[in-house]
Amino acid sequence: MAKLTQNLIDEIIDQYLYADETNRPWIIGFSGGKDSTVMLQLVWKAIEQIKELTGVTREIYVVCNDTMVENPIITEYVHRVLNQIEIAARDQDMPVRVVKTIPRLEDSFWVNLIGKGYPAPNNAFRWCTERLKIKPTSRFLIEQLDEFGEAVILIGTRKSESAQRSKSMKKHEIRGKRLTKHPTQPNTYMYAPIRNLELEEIWYIINTMESPWGSDNSELFKLYSDASADDYECPTVVTSKNHKSCGQSRFGCWTCTVVKNDKSMTALIDNGLTWLTPLLNLRNQMVDERNIAKNRMPERRNGSKAIRGFGPYTPEYRASLLKRLLEAQKEVQKDKPHVELITNQELVAIQTIWYRDFIFNQKVSILYRQAYKIELDMKDHNEKHEIELELLKKSCEENPKDFELIQELLTLQKNKSLLNKKRGLKDDIEKRIEQYIKNEK
């Protein structure tokens, strides 16, 4: 096994120094899981040896994408590891730079699900992957391409993971080369140093190779062990009776409704992490309630008729989800005060979108107060604004509904500005006025 490890390191050295003579950067997709951890450890060891042989000029970016709905256990672990990598890279003078990416506010999971009413993702409408994972990393990749013209992405995929994965890797490979063409991004290549490793070899490296940035790999091993589902045993001894191969568990978004059951989170709860229970319960509710007709609107967001009448979630159901999410967050924070399931920025964006959807009878601030018993300040307390509001109210004393309409129109304008999307403001205002006139008849 030690020879296997050194062979992998030698291959990386050859690819870094000789097979690829350009200065295009290496970008390592790092999730903190077993495969990306092994890959980064091997690259790190290779760079250490390269530093002894010759100068190092090529930058290596460790890119970690946070979807903002990752399993909190994994988020906490990964952020701690990334900090260790940054410190070790500085102290060891390694050409390693840590980059953390997140979705844009308008692409976040809760802004789309609760704000816009997108139904919980499934295989037929998997809207989350591009918004939460692909787009944030692609933006960073495009920046590198603008600067260097080309880039190499190192991926921790292995042919033995599945027949489909093996087929996909072979489809894009270049004969006689270690690099494969990126399926969608021009001038971008992929390199999979651990492509031929088996699961047990992955665990062998984790359990025997000391982390070059000072992490305790036994913690990673325990995470996988605790997350192993009840129907999967870990019978294969890797290095000793204490090191079993528990690599079948999968970590990802705790909100994932694409899979039927979240076995890893269920296993974590069964192994004592009971504070995760509110998350699992809410996730299961989103699965069960996805295709209930009363929760869905008959038209799509663009106004066209939805297939089988299953459009976005209704305003009432969106509010119900937000209320339960805030209650789950409050419950989790009893044990883990630092855990945040939804950010204040997302709450403001949700209210903004509700206003744009002419949802004025559901208030984020009220739902927050019901859950936390405290106020969420989302108002503009500017003195000039307050004076203008009083003057408007006074001028509409004889027609209070006109005051409400004008307030709603001003809110539409303000929130269009907040999201930097003023296009369509005229149409939104006209639709709201038409709706008001129709209701008055």
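Bear in mind that the values here come from a model prediction, so they are computed numbers and not experimental data.

## With respect to the overall build of the protein
Then, number 1: When its secondary structure is counted, the protein shows 16 helices and 6 strands.
Then, number 2: Put simply, of all contacts in the protein between residues at least 6 apart along the chain, 67% involve residues at least 24 apart.
Then, number 3: As displayed, the protein has an accessible area near 23500 Å², and 48% of this comes from carbon and sulfur atoms.

## Quick look at the sheet that holds strand 5 (residues 179-181)
Then, number 1: Across the sheet, which stays open at both edges, the 6 strands sit in the order 3-2-1-4-6-5 with mixed pairing between neighbours. The sheet is open, and its two borders are formed by strand 3 (96-101) and strand 5, each paired with just one other strand. Strand-to-strand twist of the sheet, defined as the mean angle between neighbouring strand axes without regard to direction, takes the value 30°.
Then, number 2: As judged from the 4 bridges shared by strand 4 (residues 151-154) and strand 6 (residues 188-191), these two strands associate in the parallel manner. Residue pairing for strand 6: I153 is matched across the bridge by M190.
Then, number 3: Helix-sheet contacts for helix 2 (residues 34-53) involve strand 1 (26-29), strand 2 (60-65), strand 3 and strand 4, and the interaxial angle to strand 1 is about 150°.

## With respect to the nonpolar core
Then, number 1: Grouped together as the largest cluster of nonpolar side chains are 98 residues, with contacts concentrated most on I85, W110 and L113.
Then, number 2: Counting 9 residues, the second-largest nonpolar core is a separate cluster that includes Y61, V63, A151 and I153.

## Overview of the packing of aromatic side chains
Here the distance between the centres and the angle between the planes together describe a pair of aromatic rings.
Then, number 1: Per the stated rule, a full pass over the model turns up 14 aromatic pairs.
Then, number 2: Centre to centre, the rings of Y16 and W26 are 5.2 Å apart; their planes meet at 85°, and the pair counts as edge-to-face. With Y16 in helix 1 (residues 2-19) and W26 in strand 1, this pair connects stretches of sequence that are 10 residues apart.
Then, number 3: Taken together, the aromatic side chains of F109, W110, Y118, F125, W127 and W254 make up a single cluster linked through ring pairs.

## So, the pattern of salt bridges
Then, number 1: If you walk through the whole model with that rule in mind, you get 18 salt bridges.
Then, number 2: For the salt bridge of R158 with D35, the shortest nitrogen-to-oxygen distance reads 3.0 Å. With R158 in the loop between strand 4 and helix 6 (163-172) and D35 in helix 2, this residue pair connects regions lying 123 residues apart in the sequence.
Then, number 3: Between E331 and K334 there is a salt bridge, with its nearest N and O atoms 3.1 Å apart.
Then, number 4: Residue E331 is classed as partly exposed on the basis of its relative accessible area, which comes to 38%.
Then, number 5: Here the salt bridges share partners, and the residues they tie into one network are E11, D14, R178 and R195.

## Structural notes on helix 1
Then, number 1: When the terminal C-alpha atoms of helix 1 are compared, their 24 Å separation across 18 residues agrees well with the 26 Å that a helix rising 1.5 Å per residue should span.
Then, number 2: Along helix 1, the positions that sit buried rather than exposed are T5, L8, I9, E11, I12, I13, Q15, Y16 and L17.
Then, number 3: Residues of helix 1 that are buried sit in contact with strand 1, helix 2, strand 2, strand 5, strand 6 and helix 7 (199-208).

## Section: the pairing of strand 2
Then, number 1: In terms of burial, strand 2 is largely enclosed, as 6 of its 6 residues are buried.
Then, number 2: Of the two faces of strand 2, the one lined by I60, V62 and C64 and the one lined by Y61, V63 and N65 are each fully buried.
Then, number 3: Crossover handedness for the path strand 1 to helix 2 to strand 2: right-handed.
Then, number 4: In this region the chain leaves strand 2, passes through helix 3 (residues 72-91) and returns to the parallel neighbour strand 3; the handedness of that crossover is right-handed.

## Topic: helix 8 (residues 217-226)
Then, number 1: Every buried residue belonging to helix 8 is among N217, L220, F221, L223, Y224 and D226, and all of these are buried.
Then, number 2: On the buried face of helix 8, the contacting elements are helix 2, helix 3, helix 7 and helix 9 (263-270).

## Here's the deal with unusual backbone geometry
For residues besides glycine, phi is generally negative; the peptide bonds are generally trans as well.
Then, number 1: For M68, which is not glycine, the phi torsion reads 75° and is therefore positive.
Then, number 2: With relative accessibility at 25%, the residue M68 sits in the partly exposed group.
Then, number 3: For K373, which is not a glycine, the phi torsion comes out positive at approximately 65°.

## A few points about the confidence of the model for the protein
Then, number 1: Predicted confidence across the protein gives a mean pLDDT of 84, with 79% of residues reaching 70 or more.
Then, number 2: Note on residues 230-248: pLDDT under 50 across the span, and 39 contacts to partners over four residues away in sequence or across chains.
Then, number 3: Low confidence marks residues 380-385, where pLDDT is under 50. Its contacts with residues over four positions away, or in another chain, come to 4 contacts.

What counts as what
Residues numbered from 1 in each chain as written. Predicted model: local features only at pLDDT ≥ 70, side-chain atom pairs only at ≥ 80, totals over all residues. Heavy atoms only, no water. Helix = DSSP H or I, 4+ residues; strand = E, 2+ residues; numbered from the N terminus. Contact = heavy atoms within 4.5 Å. Areas by Shrake-Rupley, 256 points an atom, 1.4 Å probe, with all protein chains shown as cover. Pairing = 2+ DSSP bridges. Axes fitted to C-alpha atoms, helices over the stretch in contact; angles between N-to-C directions. Core = buried A, V, L, I, M, F, W, Y, C linked by side-chain atoms within 4.5 Å. Buried < 20%, exposed > 50% of the residue type's maximum accessible area, 1.4 Å probe, protein only. Phe/Tyr/Trp six-rings, centres within 6.5 Å; stacked < 30°, edge-to-face > 60°. Salt bridge = Lys/Arg side-chain N within 4 Å of Asp/Glu carboxyl O. Expected span 1.5 Å × (residues − 1). Right-handed = clockwise from strand over helix to strand, strands pointing away. pLDDT = per-residue confidence, 0-100.

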